[in-house]
Amino acid sequence: MTAKERAAVTRILIDLVKADKVIDSREMNLYASLKLKYSIVKKNEVEAYSMTLGEAVGVLKEMDPAVLSDLLCTFEEMTVSDGISAREEALLMLALKACLGGGDRDCDVISNTVEDVWFDERQVLYVESRYDRALNDSIERDYRAVSRELKMCGLDFVYLPKIVAHYAGTPEKLFNEVASLLSPSLSQNAITGLLEKIKLIQTDTFCIEQLHHKLGFRELADTPPALLVRISQSRVGDKFYTNFLRVELEGDVLPTVQRLVDIFLGYHTVDQLVISNKKDERGSFLYKGFYRQIFEILLLQKSVTCHLLVDFVHGRFMFPEIDVVLSGLHRKEKALYVLFLYEAYSGAVRGGNGEIKLNGGISFTAPKFRGQMEKFDRRMARLQRRYARVYEAFGGDGDKAPDITSAEIRLPMISRIRRVINRQSEKIYDAARFIVNRDPNGVYSLTVNPASVTCKDFSSATPVTLTESTLFAELDRL
């Protein structure tokens, strides 16, 4: 066994000793004998305290299965060495058995420094970074059975679509009262708009934006459908880490949950379990753990994913999800911004995975060689014609459109666009996507996905993506 593997074993043994918050003399006697068995020395113990539980489990997963089998027996022995196996120890053993026991599910432990306020110790969350229809259909079908199985372990199943449906179905009067209580500064218009925001929240965006980007769960940036179970806390150096068991899901969810419940109850020897009967249901709202986080996302105006509505009917730019109309932009800046969008999207290509890569942009830098000037001048003239057409779409006279080929005219317009969008950066998640930037080669472009920009004009009753608009079709012909 290597030094790193000894440190990993030590990390787990220490966590098992401290799991139930009582360090018993029988546990210490067993720990002393195990130190001799695995040749654990002081250096290994010091290294163990610089290793997270997730890292320790990851090290052990690479070991020989026969060795792992012996180690699991050792960990089980430590769990019952004081005569009982409390809930905290049973949860830790559930994670070790799921990750190291050679089951048919891919499991791991995620360790992260995160405030307790976000994670109630009895909540199990369904996560996914991309929507999986089959898994969600399975959960919808067996939701009641899955919830009841987890209740047997004293755990509450948190499935975001159910919570969203609850909020959306709440009587308007009660919802207004709750929203006003939690965030008195919200206007009535803002509260009314919350129901539309609720309908847009999905598990995959919640997982990426809140758990990955906001709370630092880097492992969830590209996670398959999984259950996230809070199992313990560990001190690593001078920080406390919260540890989560992630159990990947495929096929029917219920059998996987039943196996987890069987493992937990097999280790849990205390004759009592605390089962909460508090519910997030009609007429009441839970306000703890993930439920509280969702409330704060919805009611306290945390940054959310937005799309931009280019409204040619009213001559404005709007982010509907946060009920914000961009103020401070004149017709000339709006037209220039739409031109940048057009040029970015006109060079876009779709990769094999379906994702769109934006290759387009505008370079106003004149070429160094005289032979290239004629082509450059034609390009600038075409840009000016397109700009004039967009200027007309916002109600202006195309013949009087500003000359965007002039840096003295163009640069202040670009600066104003950046300032106006940056003012909303606290409300719009990843607002930088909407900002026009100049790369080292002098090309002005932006990275917002075409699907995130829609437009409203007189030709259609409902908004369409800007790339599908009649205006873009006209610009193609210029």
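Residues numbered from 1 in each chain as written. Predicted model: local features only at pLDDT ≥ 70, side-chain atom pairs only at ≥ 80, totals over all residues. Heavy atoms only, no water.

Asks: Lay out the environment of Arg87 in plain terms, naming residues and giving numbers.
Replies: Among the structural elements, Arg87 can be located in helix 6 (residues 87–100). Once the C-alpha coordinates of Arg87 and Phe264 are considered, the two residues, 177 residues apart in sequence, prove to be 8.6 Å apart. Residues in contact with Arg87, not counting those within four places in the same chain, are Glu121, Arg122, Cys153, Gly154, Leu155, Phe264 and His268. (Helix = DSSP H or I, 4+ residues; strand = E, 2+ residues; numbered from the N terminus. Contact = heavy atoms within 4.5 Å.)

Asks: Just give me the short version of the packing of helix 15 (residues 373–393) against helix 17 (residues 470–477), but keep the residues and values in it.
Replies: Where helix 15 contacts helix 17, the axes come no closer than 10 Å and their chain directions differ by 155 degrees. The orientation of helix 15 relative to helix 17 falls into the category roughly antiparallel. Crossing angle aside, the handedness with which helix 15 passes helix 17 is right-handed. Every residue of helix 17 that contacts helix 15 at Arg386, Arg389, Val390 and Ala393 is listed here: Leu471, Glu474, Leu475 and Asp476. Class assignment of the residues belonging to the contact of helix 15 with helix 17 gives a composition of four nonpolar, no polar and four charged. (Axes fitted to C-alpha atoms, helices over the stretch in contact; angles between N-to-C directions. Parallel < 35°, antiparallel > 145°, perpendicular 65-115°, else oblique. Left-handed = near helix turned anticlockwise from the far one by under 90°. Nonpolar A, V, L, I, M, F, W, Y, C, P; charged D, E, K, R; others polar.)

Asks: A description of the environment of Ser363 should follow, citing residues and the corresponding values.
Replies: Note that Ser363 resides in strand 11 (residues 362–363). With 78 residues separating them in the primary sequence, Ser363 and Asn441 have C-alpha atoms 8.2 Å apart. Those residues in contact with Ser363, other than ones at most four positions away along the chain, are Phe376, Met380, Gly442 and Val443. At a separation of 3.5 Å, a polar atom in the side chain of Ser363 contacts the main-chain amide nitrogen of Thr365. (Polar contact = N/O pair within 3.5 Å; in protein donor to acceptor, adjacent residues only side chain to side chain.)

Asks: Go over the side chain of Asn136, please, and point to the residues and values.
Replies: Relative to the helices and strands, Asn136 is located in helix 7 (residues 133–151). Given the relative accessible area of 3%, Asn136 is considered buried. Residue contacts for Asn136: discarding those within four places in its chain leaves Tyr126, Glu128, Tyr131 and Tyr159. (Buried < 20%, exposed > 50% of the residue type's maximum accessible area, 1.4 Å probe, protein only.)

Asks: So what's going on with the pairing of strand 4 (residues 226–236)? Which residues, and what values?
Replies: Across the eleven residues that make up strand 4, a large majority, nine, are buried. Judged from the four bridges that link them, strand 2 (residues 123–127) and strand 4 form a sheet pairing that is antiparallel. Bridge assignment links Val127 to a residue of strand 4, and that residue is Ala226. Note that strand 4 and strand 5 (residues 239–248) share ten bridges and pair antiparallel. (Pairing = 2+ DSSP bridges.)

Asks: Explain the pairing of strand 6 (residues 308–311) residue by residue, including any values.
Replies: Going residue by residue along strand 6, you find Leu308 and Val310 tucked away on one face and Leu309 and Asp311 tucked away on the opposite face as well. Two strands pair when backbone bridges link them, and strand 6 and strand 14 (residues 453–456) are joined in this way by four bridges, in the parallel orientation. Bridge assignment links Val310 to a residue of strand 14, and that residue is Cys455. By the bridge criterion, three bridges tie strand 6 to strand 7 (residues 316–319) in an arrangement that is antiparallel.

Asks: Which residues make up the sheet that holds strand 13 (residues 443–445), and what are the values?
Replies: Here three strands make up an open sheet; going across it, the order is 11-13-12 and the pairing antiparallel. Taken across any chain shown, the strands that pair with only one partner, and hence form the sheet edges, are strand 11 and strand 12 (437–438). Sheet topology places strand 12 next to strand 13; two bridges connect them, and they run antiparallel. Each bridged residue has a counterpart across the sheet, and for Arg438 the counterpart in strand 13 is Tyr444.

Asks: Residue-level account of the packing of aromatic side chains, with values.
Replies: Within this structure, the stated rule accounts for 13 aromatic pairs. Summarising the aromatic geometry, the rings of Phe312 and Phe394 are spaced 4.8 Å apart at their centres and angled 50 degrees between planes, so their arrangement reads as tilted. Residue Phe312 is located in the loop between strand 6 and strand 7, and its partner Phe394 is located in the loop between helix 15 and helix 16 (407–422); the two are separated by 82 residues in the primary sequence. Judged by relative accessible area, which is 9%, Phe394 ranks as buried. For the ring pair Phe317 and Phe394, a centre distance of 6.0 Å and an interplane angle of 65 degrees mean the geometry is edge-to-face. On the criterion of sequence distance, the pair formed by Phe317 in strand 7 and Phe394 in the loop between helix 15 and helix 16 is long-range, its members being 77 residues apart. What makes Phe317 buried here is its relative accessible area of 2%. Through pairs of rings, three or more aromatic residues link up here, namely Tyr126, Tyr143, Phe157 and Tyr159. (Phe/Tyr/Trp six-rings, centres within 6.5 Å; stacked < 30°, edge-to-face > 60°.)

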